[in-house]
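Residues per chain, in single letters:
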Amino acid sequence: MENGPLVYGLLAALAIALLHAAYTDIVRREIEDWLNAGIALTAPVFWWACGLSFWPDMALQLALGAGVFVFFALMFAIGAMGGGDVKLLGAIALWFPWAEMARITIIMSLIGAVLTVMVVAVHKVRRSPGRPEVPYGVAIAMAALWPVGERFFNHFA
């Protein structure tokens with residue numbers, strides 16, 4: 001992948017979008033569709049800026065995005081995730097190769113586990129009624145920010 005100014009600008013925009021997703025998920029327990037669509041629709045510009053070929057590179061990214069979306073849509077169907085989380089994961093999968101996406105998923109799961117324990121503990125201490133709502137978009141955003149940050153801060157390694 002090339003590391004031109006456009007690539008860094010797009011990654012910075014992705015980082016801002018991820019931070020916004022995390023913030024709105026904390027505040028409203030919602031990740032807006034327009035934000036997920038913006039992340040997904042900007043991915044082809046990122047591919048072009050990185051010099052990906054139409055075949056097979058861009059096709060593989062589309063397949064990865066679709067596969068991630070379908071897998072997490074099944075998680076939504078069984079009540080394990082929210083719809084905004086699923087769309088955000090599908091959009092993020094368009095930006096990163098499969099190995100990086102696997103790492104993002106592992107990091108997301110670890111952060112999500114810690115976040116879930118914290119939310120459940122606060123829910124119990126406050127004796128809140130109903131089931132606790134975990135803003136899982138925070139875990140997704142933090143995990144996806146990891147490789148974005150590496151691109152900015154560890155590009156000489």
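Here is what the cut-offs are and how they apply
- Residues numbered from 1 in each chain as written.
- Predicted model: local features only at pLDDT ≥ 70, side-chain atom pairs only at ≥ 80, totals over all residues.
- Heavy atoms only, no water.
- Helix = DSSP H or I, 4+ residues; strand = E, 2+ residues; numbered from the N terminus.
- Rg over C-alpha atoms; globule rule 2.2 N^0.38 Å.
- Buried < 20%, exposed > 50% of the residue type's maximum accessible area, 1.4 Å probe, protein only.
- Areas by Shrake-Rupley, 256 points an atom, 1.4 Å probe, with all protein chains shown as cover.
- Patch = residues over 30% accessible without salt bridge, like charges linked within 9 Å, V, L, I, M, F, W, Y side chains within 5 Å.
- Salt bridge = Lys/Arg side-chain N within 4 Å of Asp/Glu carboxyl O.
- Expected span 1.5 Å × (residues − 1).
- Contact = heavy atoms within 4.5 Å.

Enquirer: Is there a simple way to explain the overall build of the chain in this structure?
Expert: In terms of regular secondary structure, the chain is built from six helices and zero strands. Ordered by position from N to C terminus, the α and β elements of the chain give α-α-α-α-α-α. A compact globule built from 157 residues would reach a C-alpha radius of gyration of about 15 Å, and the chain, at 16 Å, matches this within 12%. Projecting the C-alpha coordinates of the chain onto the three principal axes gives extents of approximately 55 × 30 × 25 Å. A buried classification covers 39% of the 157 residues belonging to the chain. By element, 72% of the accessible surface of the chain is carried by carbon and sulfur atoms, the whole surface being about 9000 Å².

Enquirer: Looking at this model, I keep getting lost on a nonpolar patch on the surface. Mind explaining?
Expert: Taken together, the side chains of Leu6, Val45 and Trp48 make up a nonpolar region of the molecular surface, amounting to roughly 320 Å² of accessible area. Looking at the secondary structure, you find valine 45 in helix H2 (residues 33-50). Judged by relative accessible area, which is 37%, valine 45 ranks as partly exposed.

Enquirer: Quick question: what am I supposed to make of helix H6 (residues 136-153) here?
Expert: Given 3.6 residues per helical turn, the α-helix brings residues three or four places apart onto the same face. The first and last C-alpha atoms of H6 sit 26 Å apart over 18 residues, in line with the 26 Å expected at 1.5 Å per residue. Restricting attention to buried positions, one finds in H6 the residues Tyr136, Gly137, Val138, Ala139, Ile140, Ala141, Ala143, Ala144, Pro147, Val148 and Arg151. In this structure, the buried residues of H6 make contact with helix H1 (5-28), H2, helix H4 (83-93) and helix H5 (98-125).

Enquirer: Sorry if this is basic, but what is going on with the environment of valine 120 here?
Expert: Of note, valine 120 is situated in helix H5. Counting along the chain gives 13 residues from valine 120 to glutamate 133, while the straight-line C-alpha distance between them is 8.5 Å.

Enquirer: Would you mind going over the side chain of glutamine 61 with me for this structure?
Expert: Its location among the elements puts glutamine 61 in helix H3 (residues 54-77). Looking at glutamine 61, the relative accessible area reads 9%, which means it is buried. Contacts of glutamine 61, omitting those with residues within four sequence positions, involve Trp47, Leu52, Ala93, Leu94, Trp95, Phe96 and Pro97.

Enquirer: Whenever I open this one, the pattern of salt bridges confuses me. Can you help?
Expert: Pairing between side chains becomes possible if they bear opposite charge and their charged atoms approach one another. Counted according to the given criterion, the structure contains five salt bridges. In this structure, arginine 28 and glutamate 32 form a salt bridge, with 2.4 Å as the shortest nitrogen-oxygen distance. We classify glutamate 32 as buried; its relative accessible area is 12%. Counted as one network, the salt bridges with shared partners bring together Arg28, Glu30 and Glu32.

By themselves these figures say nothing about function.
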